[in-house]
Amino acid sequence: MYSAHWIRVSDADRETVVAHLTVAVAEGRLTLEEFSERSQLAYASRTWGELTRLVDDLPELPGADTSPAAAVSATAGQASNLPLAALIVGIASIPLTSCAVLGGVAGLLAIVLGVAALRNDGQGVPGHRGMAIAGLLCGSFGVVLQGVMIAFFSILE
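Rules of the game
- Per chain, residue numbering runs from 1 following the sequence as it is written.
- For a predicted model such as this one, the threshold for reporting local features is a pLDDT of at least 70, and the threshold for listing and counting side-chain atom pairs is 80 or more; totals across whole chains, interfaces and linings nevertheless cover every residue.
- Remark: hydrogens and water are excluded; side-chain values derive from all non-hydrogen atoms of the structure.
- Residues form patches when they are more than 30% accessible in relative terms and have no salt bridge. Like charges link within 9 Å. Nonpolar side chains (Val, Leu, Ile, Met, Phe, Trp, Tyr) link within 5 Å.
- All accessible-area figures derive from a Shrake-Rupley calculation using a 1.4 Å probe, and residue coverage is judged against the displayed protein chains alone.
- When a carboxyl oxygen of Asp or Glu is within 4 Å of a side-chain nitrogen of Lys or Arg, the pair counts as a salt bridge.
- Each helix is a run of DSSP H or I of at least 4 residues and each strand a run of E of at least 2, with the numbering of both proceeding from the N terminus.
- The cut-offs for exposure are 20% and 50% of the maximum accessible area for each residue type, with area from a 1.4 Å probe on protein chains only; residues under the lower value are buried, those over the upper are exposed, and the others partly exposed.
- Under the pairing criterion, centres of Phe, Tyr and Trp rings, with the six-membered ring standing for Trp, must be within 6.5 Å; the plane angle then separates stacked pairs below 30 degrees from edge-to-face pairs above 60, leaving the rest tilted.
- Only protein atoms enter the calculation, which uses a 1 Å grid: trapped sets of points that fit a 1.4 Å probe without letting it out are cavities, open sets showing protein on both sides within 12 Å along at least five of seven lines are pockets, and any residue with an atom within 4 Å of a point is a lining residue.
- Grid points are joined across faces, edges and corners, and a volume is the space filled by probe spheres set on the points.
- Throughout, the ten residues Ala, Val, Leu, Ile, Met, Phe, Trp, Tyr, Cys and Pro are labelled nonpolar, Asp, Glu, Lys and Arg are labelled charged, and all others, Gly among them, are labelled polar.
- Known as pLDDT, the predictor's per-residue confidence is scaled from 0 to 100.
- For helices, the fitted line uses only the C-alpha atoms of the stretch in contact; every axis is such a line through C-alpha atoms, and the angle between N-to-C directions lies from 0 to 180 degrees.
- With respect to orientation, any angle under 35 degrees is reported as roughly parallel, any angle over 145 as roughly antiparallel, any angle of 65 to 115 as roughly perpendicular, and every other angle as oblique.
- Handedness of each helix crossing follows the sense of rotation of the near helix against the far helix: counterclockwise by less than a right angle gives left-handed, clockwise gives right-handed.
- For this analysis, residues touch if any pair of their heavy atoms sits within 4.5 Å.

Chemist: Summarise a nonpolar patch on the surface; cite the residues concerned and give the values.
Modeler: On the surface, V101, V105 and I150 cluster together into a nonpolar patch covering about 260 Å² of accessible area. By secondary structure assignment, the location of V101 is in the loop between helix 5 (82-93) and helix 6 (102-120). Owing to a relative accessible area of 47%, V101 belongs among the partly exposed residues under this scheme.

Encoded structure:
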């Protein structure tokens, strides 16, 4: 007989734990440094034993079951990836401001994805709303930064 802690985790399981960590940061239970460390460990985790150690000292999310058995049953109905896409494109828009107008375009795309994700309301997955908002904010910052860069270089000419 084997322990459930040796069951391998999926990307969706890792995302659920990172979403749990995101909620803990928003509630003030974790610092940004702790969140960063635990998120890196979550994405590197291979088994449920490794993954559950990252949230053992945090209260369970209401209505969220992060057990291996719940994860197996939840994989059938995967939630939308729009919040994650909004976050990734929003973060990418900031360094892309140094490349012509790519930052502005990526920022606008992040805003659109963030709004679409918020309209879906994260489909009940913890942390998805936070990712959508973060993507929206990063995208907005990318657009503003691109405007500042364009204005700055037009003044220099």
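Chemist: So what's going on with the packing of aromatic side chains? Residues and values would help.
Modeler: Applying the stated criterion across every chain yields a total of 1 aromatic pair. When the ring of F152 is compared with that of F153, the centres are 5.3 Å apart and the planes differ by 75 degrees; the resulting orientation is edge-to-face. For F152, a relative accessible area of 46% translates into the label partly exposed. When its relative accessible area of 44% is taken as the criterion, F153 is described as partly exposed.

Chemist: Could you give an account of the layout of surface pockets, naming the residues involved and the relevant values?
Modeler: Approximately 240 Å³ is the volume found for the second largest pocket. Lining the second largest pocket are 15 residues, and of these V18, T22, F35, L87 and M131 lie nearest its centre. Secondary-structure elements contributing two or more residues to the lining of the second largest pocket are helix 1 (11-26), helix 2 (32-44) and helix 7 (128-156). Per-class residue counts for the lining of the second largest pocket are 10 nonpolar, 4 polar and 1 charged.

Chemist: Give me the environment of I88: which residues, what numbers.
Modeler: Summarising the element assignment, I88 is placed in helix 5. Judged by its relative accessible area of 53%, I88 is exposed.

Chemist: So what about the confidence of the model for the protein? Which residues, and what values?
Modeler: Taken residue by residue, the protein gives an average pLDDT of 79. The fraction at 70 or more is 80%. Confidence, read as mean pLDDT per element, is least for helix 4 (residues 68-74) in the protein (47) and greatest for helix 2 (88).

Chemist: I'd like a rundown of the packing of helix 6 against helix 7, residues and numbers included.
Modeler: One way to put it is that helix 6 packs onto helix 7 with a least axis distance of 7 Å and a crossing angle of 155 degrees. In terms of axis orientation, helix 6 runs roughly antiparallel to helix 7. Once helix 6 is placed against helix 7, the crossing between them reads as left-handed. Judged by residue contacts, L102, G103, G104, G107, L108, A110, I111, G114, V115, A117 and L118 of helix 6 engage R129, A132, I133, G135, L136, G139, S140, G142, V143 and Q146 from helix 7. Partitioned by chemical class, the residues of the contact of helix 6 with helix 7 number 11 nonpolar, 9 polar and 1 charged.

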